[in-house]
Amino acid sequence: MDKKPIKDFDVLLKGQLTVNLPITITMVVVFFGLAEFTDFSFFRNVSISFILGWISWGFLVRNWILWAKKNDVSDERLLKIGKPGLVVWSIHTIETVTKKNKYPWI
């Protein structure tokens, strides 16, 4: 039985729900947690939240890219879908995962 090709909307939705939503929640919770329980400055709270969000993105976007590749989504198509959805920014990110089998940190 042949697999149906996956729709662009499904790829984007999966990226939003498995990458962007968890990162946003992580950053907001960390920011307000630090604001509530520490005496750090606003800038320090934002910086720590951003750094933890970036680290989370590296792990989560890799899982999304591998899921897309398993569903026969080409690198170019993944970039075309992920860039406007703010999930990935360059083909380099996708190739780091697919060709080099590494986590994309930048």
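The structure under discussion appears in the preceding block.
Below you will find a few notes about this structure. This is a predicted model, so every value here is computed, not measured.

### Quick word on the overall build of the protein chain
Of the regular secondary structure elements, the protein chain holds four helices and zero strands. N-terminal to C-terminal, the α/β element order of the protein chain is α-α-α-α. Dimensions of the protein chain along its principal axes, counting C-alpha atoms only, are 60 × 25 × 20 Å. When each of the 106 residues of the protein chain is scored for burial, the buried share is 33%. Across the protein chain, contacts joining residues at least 24 apart in sequence account for 61% of those joining residues at least 6 apart. Per element, the accessible surface of the protein chain, about 7200 Å² overall, is 67% carbon and sulfur. For the protein chain, the separation between the mean place of its 14 positive charges and that of its 9 negative charges on side chains is 4 Å.

### Focus: the packing of helix H1 (residues 8-37) against helix H2 (residues 42-70)
The N-to-C vectors of H1 and H2 enclose an angle of 155°; their axes lie 8 Å apart at closest approach. The pairing of H1 with H2 is recorded here as roughly antiparallel in orientation. Seen along the crossing, H1 lies across H2 with a hand that is right-handed. The class makeup of the residues in the contact of H1 with H2 is 19 nonpolar, seven polar and two charged.

### With respect to the pattern of salt bridges
Under the counting rule described, the total for this entry stands at three salt bridges. The closest approach of N and O atoms between Asp-8 and Arg-77, which form a salt bridge, is 2.7 Å. Within this pair, whereas Asp-8 is found in helix H1, its partner Arg-77 is found in helix H3 (residues 75-82), the two being separated by 69 residues in sequence. You can call Asp-8 partly exposed: its relative accessible area is 35%. Residue Lys-69 is joined to Asp-75 by a salt bridge in which the shortest nitrogen-to-oxygen separation is 2.9 Å. Given the relative accessible area of 32%, Lys-69 is considered partly exposed. Asp-75 gets classed as buried once you look at its relative accessible area, which sits at 6%. Here the salt bridges do not stand alone but share partners, grouping Lys-69, Asp-75 and Lys-99 into one network.

### Here's the deal with H3
Those residues of H3 not exposed but buried are Asp-75, Leu-78, Leu-79, Ile-81 and Gly-82. The buried residues of H3 occupy an angular sector of 165° when projected down its axis, which confines them to one face. For H3, exposure combined with an orientation more than 90 degrees from the buried face picks out Glu-76 and Lys-80. Packed against the buried residues of H3 are H1, H2 and helix H4 (91-98).

About the cut-offs
Residues numbered from 1 in each chain as written. Predicted model: local features only at pLDDT ≥ 70, side-chain atom pairs only at ≥ 80, totals over all residues. Heavy atoms only, no water. Helix = DSSP H or I, 4+ residues; strand = E, 2+ residues; numbered from the N terminus. Buried < 20%, exposed > 50% of the residue type's maximum accessible area, 1.4 Å probe, protein only. Contact = heavy atoms within 4.5 Å. Areas by Shrake-Rupley, 256 points an atom, 1.4 Å probe, with all protein chains shown as cover. Lys, Arg positive; Asp, Glu negative; His and termini not counted. Charge placed at Lys NZ, Arg CZ, Asp CG, Glu CD. Axes fitted to C-alpha atoms, helices over the stretch in contact; angles between N-to-C directions. Parallel < 35°, antiparallel > 145°, perpendicular 65-115°, else oblique. Left-handed = near helix turned anticlockwise from the far one by under 90°. Nonpolar A, V, L, I, M, F, W, Y, C, P; charged D, E, K, R; others polar. Salt bridge = Lys/Arg side-chain N within 4 Å of Asp/Glu carboxyl O. Arc of directions from axis to C-beta.

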